[in-house]
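If you want the building blocks of each chain, they are given just below.
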Amino acid sequence: MIATSVDFRSDNCGAVAPELIEALVTANSGSALGYGGDALTATLQARFTELFEAPVQVFPVPTGTAANALALAAAATPFGAVYCSPEAHVYTSECNATGFFGGGTKLVPIAGEHGKVSAAALEASIAAAGVGLAHKSQPAAVNLVQATDRGAVYALDEVAAVSGVAHAHGLRVHMDGARFANALARLGCTPAQATWRSGVDVLSFGVTKNGGLLADAIVVFTPAAAVDLGFHLRRAGLVWSKMRFASAQILAYVADDLWLRLAGRANAAATELAAQLESLAGVELVAPVDANELFVDLAPAALSALEAEGFLFQRRGPRLARFVCRWDTSASDISALADGVRRQVTSR
Ligand SMILES: Cc1ncc(COP(=O)(O)O)c(C=O)c1O
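Source: prediction; values computed, not measured.

**Student:** Quick rundown of the nonpolar core? Include the residues and the values.
**Tutor:** Residues F48, F52, L122 and F205 are the most contacted members of the largest nonpolar core, which totals 53 residues. Counting residues per element, this core draws most heavily on helix α11 (residues 243-254), at six residues. There are two domains that each give this core at least three residues, and those are domain 1 (6-14 + 258-346) and domain 2 (18-257). With residues near it in sequence (within four places) discarded, F48 still touches E53, A54, V56, V58, F205, V219, I250 and V254.

**Student:** Outline helix α6 (residues 119-127), supporting the account with residue identities and numerical values.
**Tutor:** In an α-helix, one full turn covers 3.6 residues, which means residues spaced three or four apart are oriented alike. Regarding α6, the residues found buried are A119, A121, L122, S125 and I126. Projected onto a plane normal to the axis of α6, the buried residues spread over an arc of 160 degrees and lie on a single side. Structural note: α6 exposes A120 and A127 on the side pointing more than 90 degrees away from its buried face. Against β3 (80-84), β5 (138-145) and α7 (156-168) lie the buried residues of α6.

**Student:** An account of the packing of helix α12 (residues 258-278) against helix α14 (residues 331-346) is requested, with residue identities and associated values reported.
**Tutor:** Each packed pair of helices is defined by two parameters, the angle between the axes and the distance between the axes. Direction vectors running N to C along α12 and α14 enclose 20 degrees, while the axes themselves pass 10 Å from each other. Between α12 and α14, the interaxial angle falls into the category roughly parallel. The crossing of α12 and α14 is right-handed. Residues A269, E272, L273, Q276 and L277 of α12 form the contact with α14, whose participating residues are I334, L337, A338, V341 and R342. Counted by class, the contact of α12 with α14 contains seven nonpolar, one polar and two charged residues.

**Student:** Please set out the pattern of salt bridges residue by residue, giving values where relevant.
**Tutor:** Side chains bearing opposite charge may pair, as long as their charged atoms lie close to each other. In this structure the tally under the stated criterion is 14 salt bridges. Ionic pairing is found between E53 and R197, a salt bridge with its closest N-O pair at 3.3 Å. Of the two residues, E53 is situated in the loop between α2 (39-51) and β2 (57-61) and R197 in the loop between α9 (191-194) and β7 (202-205); the sequence distance between them amounts to 144 residues. Overall, the relative accessible area of 41% leaves E53 in the partly exposed class. Residue class for R197 comes out partly exposed when judged on its relative accessible area of 47%. In this structure, R326 and D328 form a salt bridge, with 2.8 Å as the shortest nitrogen-oxygen distance.

**Student:** Can you break down the environment of E87 residue by residue, with the values?
**Tutor:** Looking at where E87 falls in the secondary structure, it is placed in the loop between β3 and α4 (89-92). For the pair E87 and V6, spaced 81 residues apart in the sequence, the C-alpha separation amounts to 26 Å. The residues contacting E87, other than those within four sequence positions of it, are T92, G115, D149 and R150.

**Student:** Which residues make up the layout of surface pockets, and what values go with them?
**Tutor:** What the largest pocket holds in volume is close to 530 Å³. Contributions of two or more residues to the lining of the largest pocket are made by α3 (64-75), α4 and β13 (320-324). When residues in the lining of the largest pocket are grouped by element, the largest group, three residues, is from α3. Here the residues of the lining of the largest pocket are counted per class, giving five nonpolar, 12 polar and 11 charged. Of the domains in this structure, domain 1 (6-14 + 258-346) and domain 2 (18-257) are the two that each give at least three residues to the lining of the largest pocket. Size it by volume and the second largest pocket reaches roughly 150 Å³. In this structure, the second largest pocket is lined by 13 residues; those nearest its centre are Y35, F59, L233, V239 and M243. Elements supplying a minimum of two residues to the lining of the second largest pocket: α2, β2 and α10 (229-235). Here the residues of the lining of the second largest pocket sort into eight nonpolar, four polar and one charged.

The rules behind these values
- Residues numbered from 1 in each chain as written.
- Predicted model: local features only at pLDDT ≥ 70, side-chain atom pairs only at ≥ 80, totals over all residues.
- Heavy atoms only, no water.
- Core = buried A, V, L, I, M, F, W, Y, C linked by side-chain atoms within 4.5 Å.
- Buried < 20%, exposed > 50% of the residue type's maximum accessible area, 1.4 Å probe, protein only.
- Helix = DSSP H or I, 4+ residues; strand = E, 2+ residues; numbered from the N terminus.
- Domains from an automatic or database assignment.
- Contact = heavy atoms within 4.5 Å.
- Arc of directions from axis to C-beta.
- Axes fitted to C-alpha atoms, helices over the stretch in contact; angles between N-to-C directions.
- Parallel < 35°, antiparallel > 145°, perpendicular 65-115°, else oblique.
- Left-handed = near helix turned anticlockwise from the far one by under 90°.
- Nonpolar A, V, L, I, M, F, W, Y, C, P; charged D, E, K, R; others polar.
- Salt bridge = Lys/Arg side-chain N within 4 Å of Asp/Glu carboxyl O.
- 1 Å grid on protein atoms, 1.4 Å probe; cavity = no way out; pocket = protein on both sides within 12 Å on 5 of 7 lines; lining within 4 Å.
- Points joined across faces, edges and corners; volume = space filled by probe spheres on them.

Structure representation (structure tokens):
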């Protein structure tokens, strides 16, 4: 029996990285213009242009849902269809914010493995969509989640293949990067290669899950894909007056590769946990552990027993558990959970 809770529920349950708190304290002096007219937000634009090796536009926002819904509202049309995985956060967990902020935009789930969208499924769905027919939603955009909601990471050629189909038919490519840092740490490529060089037009850049404090961002690579984004954001009440505090922490997040170091830790924790669980009979990983999440098939009684012992995690089905590792997941958390699972599968 473990004495205290070991928490694998979500990366949202983790602490804020101290470097970001320090950046907020440093920013907290003097006066600065509101709504992004401050020096830190100007620096953020310049820094992201350098980071992504392209003249991007950055819009700090409070949540990943705000980033996704507003990016898609700007990229699509009110009568447009946005293709996504049936596992995609926009589809399963955002109360159709995309449809709301898009003024009617429709999310259309299409096939793909482990939370991905397949290029072939996108091609087939567009072909069957009824392009030009006023009775049908018109293909407008595709949403890729990187890393996916099943813990997998798209290879660059997979992103490029989906983007190629999308662009051939005039669709915009949106990447939900709530766990972009985890994906990048895994891929080991540049931010540019992972995004616009692979055809991504607009990115929801996650910070919160990986050590941030109430801030994510939208990064626009293709200005034509988000012409009215500023208006959408303002009308939704998603433009902070004290923007400098969001910008300060996002700057600290990418300084000296902090974001990749944090994500690397979370990924390494997940890899270690996967290695320990994989070796146990009666435990099945149902998706690749490419980033910081594990989806594990276990007997319902074993899951209940783990909960009774105080382990915290999400149940995603009668036999399906999600375990999320974070930048602040400790080696003892991992061994405690691995030992707990081992006890369950060997005692049955
Ligand atoms: C893949 C993905 N996208 C977007 C979000 C939305 O983030 P938020 O809860 O900050 O709105 C989440 C949060 O769990 C997520 O997992």
